[in-house]
Amino acid sequence: MKKVLIALDYNPTSQKVAEIGYATAKDMNAEVILLHVITNPEHYSSPEYSPIVGMQGYMDTSQIQFDSEEGLSKASRHFLNQIKHHLNDETIHTMVKEGDVAETILEAAKNKSADIIAIGSRSQNWLENVLLGSITEKVIKHTHIPLLIIPIKSEE
């Protein structure tokens, strides 16, 4: 295993996903790639989704234009750089892509020749995922790359 792609969303639990994915990659002496996929701009402007991605206090979102693709992209890059700083490893690569989240994760993993994808899952049970669907479930169904699924609970 030489490359680990860590997919991060805009949920505060992303810090846990980043930390566990990073620790796993370092145990394997693998390169780390952090990925954030911009998919639905309305989510970003909603108060319940601020800050953009976890680690509250790392980013003041008051000056960010959430209504433009450029503003979202800039904020996402800034956040990934903050995660990189938090993990204290400047060799980490970051990527911000736009599109369907599951498809974009799979495409990025393929394009970067990732050996493993680290992703969080908020589902309380497997049946819920099957019935309601989830990004993690979609990635599972369409990948040939091993997955590290990190169970997380949203902070309420």
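What you see is a predicted model, and the numbers here were worked out from it, not measured in a lab. (Residues numbered from 1 in each chain as written. Predicted model: local features only at pLDDT ≥ 70, side-chain atom pairs only at ≥ 80, totals over all residues. Heavy atoms only, no water.)

Visitor: Which residues make up the side chain of Asp89, and what values do they have?
Guide: With respect to the helices and strands, Asp89 occurs in the loop between α3 (69-86) and β3 (93-98). You can call Asp89 buried: its relative accessible area is 9%. A polar contact of 2.4 Å, which involves the side chain of Asp89, links it to the side chain of Thr91. Apart from the residues within four sequence positions on either side, Asp89 is in contact with Tyr22, Lys26 and Lys84. (Helix = DSSP H or I, 4+ residues; strand = E, 2+ residues; numbered from the N terminus. Buried < 20%, exposed > 50% of the residue type's maximum accessible area, 1.4 Å probe, protein only. Polar contact = N/O pair within 3.5 Å; in protein donor to acceptor, adjacent residues only side chain to side chain. Contact = heavy atoms within 4.5 Å.)

Visitor: Lay out the environment of His86 with the relevant residues and their values.
Guide: Here His86 is to be found in helix α3. His86 sits 68 residues away from Ala18 along the chain, and the two C-alpha atoms are 9.6 Å apart. Side chain to side chain, His86 and Glu19 meet in a polar contact 2.6 Å long.

Visitor: Go over the confidence of the model for the protein with me, naming the residues and quoting the values.
Guide: Chain-level statistics for the protein give a pLDDT mean of 80 and a share of 72% at 70 or above. The lowest-confidence element of the protein is helix α5 (residues 126-132), averaging 53 in pLDDT; the highest-confidence one is strand β1 (residues 3-8), averaging 96. Low pLDDT (under 50) marks residues 50-59, which in the prediction has 40 contacts with non-local residues, meaning those over four places away or in another chain. (pLDDT = per-residue confidence, 0-100.)

Visitor: Explain α3 to me, using residue names and the numbers behind them.
Guide: With 18 residues, α3 ought to run about 26 Å at 1.5 Å a step, and its terminal C-alpha atoms sit 25 Å apart, in line with that. Asn88, located one to two residues past α3, shows a positive phi value of around 60°. (Expected span 1.5 Å × (residues − 1).)

Visitor: Please provide a residue-by-residue account of the pairing of β1, values included.
Guide: The element β1 is extensively covered by neighbouring structure, given that 5 of its 6 residues are classed as buried. Where β1 and strand β2 (residues 31-38) come together, 6 bridges link them in parallel fashion. When the bridges of β2 are listed, Lys3 appears paired with Glu31. Note on the crossover from β1 through helix α1 (residues 14-27) to β2: the handedness is right-handed. In this structure, β1 lies alongside strand β4 (residues 116-121), joined through 3 bridges in parallel fashion. Paired with Leu5 across the bridge in β4 is Ile117. (Pairing = 2+ DSSP bridges. Right-handed = clockwise from strand over helix to strand, strands pointing away.)

Visitor: Now, about unusual backbone geometry: what can you tell me, with residues and values included?
Guide: Residues apart from glycine generally show negative phi values, whereas peptide bonds are mostly found in trans. For Asn29, which is not glycine, the phi dihedral falls at a positive 55°. Looking at the secondary structure, you find Asn29 in the loop between α1 and β2. Judged by relative accessible area, which is 72%, Asn29 ranks as exposed. Here Ser113, not a glycine, exhibits a phi torsion of approximately 55°, which is positive. Position of Ser113 relative to the elements: it lies in the loop between α4 (101-111) and β4. A residue is classified by how much of its surface remains accessible, and Ser113, at 47% relative accessible area, is partly exposed.

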